[in-house]
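In case you want the letters, here they are:
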Amino acid sequence: LSVLNVIEQEGLQQNALNVGNYLFTELCLLKDKFSLIGDVRGAGLFIGIELVKDRNTLEPADEEVDYIINKMKDKGLLLSKDGPNHNVIKIKPPLVFTKENVDFLIKQLDETLESRKL
């Protein structure tokens, strides 16, 4: 009950919605920049980035997911993979995640994708 009270008192549900929408929008901008990102989907702060080698064939880019997750871990960001083809990067930050945290995540992800020309 105490946890639910803190979530309500600190407006963490609304924060998850607001910051999640911002994160989703920023990830969609990365999708426009990198053809490796086939889809971005999710709700609130639970978002998946599907990586594909080709947007037409939807061939899974599972090796690239492993590379990105490891590089992001080196930068202090913990992501995981999911999906039947293991080609979805799963983002599930805590409810206190901020827009500044999103900016850092996006910058690091952008740099990682750019450095590999993914």
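Described below are features of the structure shown in this document. (Residues numbered from 1 in each chain as written. Predicted model: local features only at pLDDT ≥ 70, side-chain atom pairs only at ≥ 80, totals over all residues. Heavy atoms only, no water.)

## Side note on the pattern of salt bridges
Argument step 1. Counted under the stated rule, the structure contains nine salt bridges.
Argument step 2. Put simply, K33 and E114 hold a salt bridge, and the shortest N to O gap is 3.9 Å. Of this pair, K33 sits in helix α2 (residues 12-33) while E114 sits in helix α4 (residues 99-115), and the two are 81 residues apart along the sequence.
Argument step 3. With a relative accessible area of 33%, E114 lands in the partly exposed category.
Argument step 4. With a shortest N-O distance of 2.8 Å, R41 and D39 are connected by a salt bridge.
Argument step 5. Residue classification places R41 among the partly exposed positions, given a relative accessible area of 38%.
Argument step 6. Overlapping salt bridges bring together K33, D110 and E114 as one network. (Salt bridge = Lys/Arg side-chain N within 4 Å of Asp/Glu carboxyl O. Helix = DSSP H or I, 4+ residues; strand = E, 2+ residues; numbered from the N terminus. Buried < 20%, exposed > 50% of the residue type's maximum accessible area, 1.4 Å probe, protein only.)

## With respect to the side chain of Q108
Argument step 1. Within the secondary structure layout, Q108 lies in helix α4.
Argument step 2. With a relative accessible area of 9%, Q108 lands in the buried category.
Argument step 3. A polar side-chain atom of Q108 sits 3.5 Å from a polar atom in the side chain of K75.
Argument step 4. Contacts of Q108, omitting those with residues within four sequence positions, involve M72, K75 and L77. (Polar contact = N/O pair within 3.5 Å; in protein donor to acceptor, adjacent residues only side chain to side chain. Contact = heavy atoms within 4.5 Å.)

## Observations concerning the packing of α2 against α4
Argument step 1. At a closest axis distance of 10 Å, the pairing of α2 and α4 adopts a crossing angle of 15 degrees. The angle between α2 and α4 falls in the class roughly parallel. Along this stretch, α2 crosses α4, giving a crossing that reads as right-handed. Contacts between α2 and α4 involve V19, Y22, L23, E26, L27, L30 and K33 from the first element and K99, V102, D103, L105, I106, L109, D110 and E114 from the second. (Axes fitted to C-alpha atoms, helices over the stretch in contact; angles between N-to-C directions. Parallel < 35°, antiparallel > 145°, perpendicular 65-115°, else oblique. Left-handed = near helix turned anticlockwise from the far one by under 90°.)

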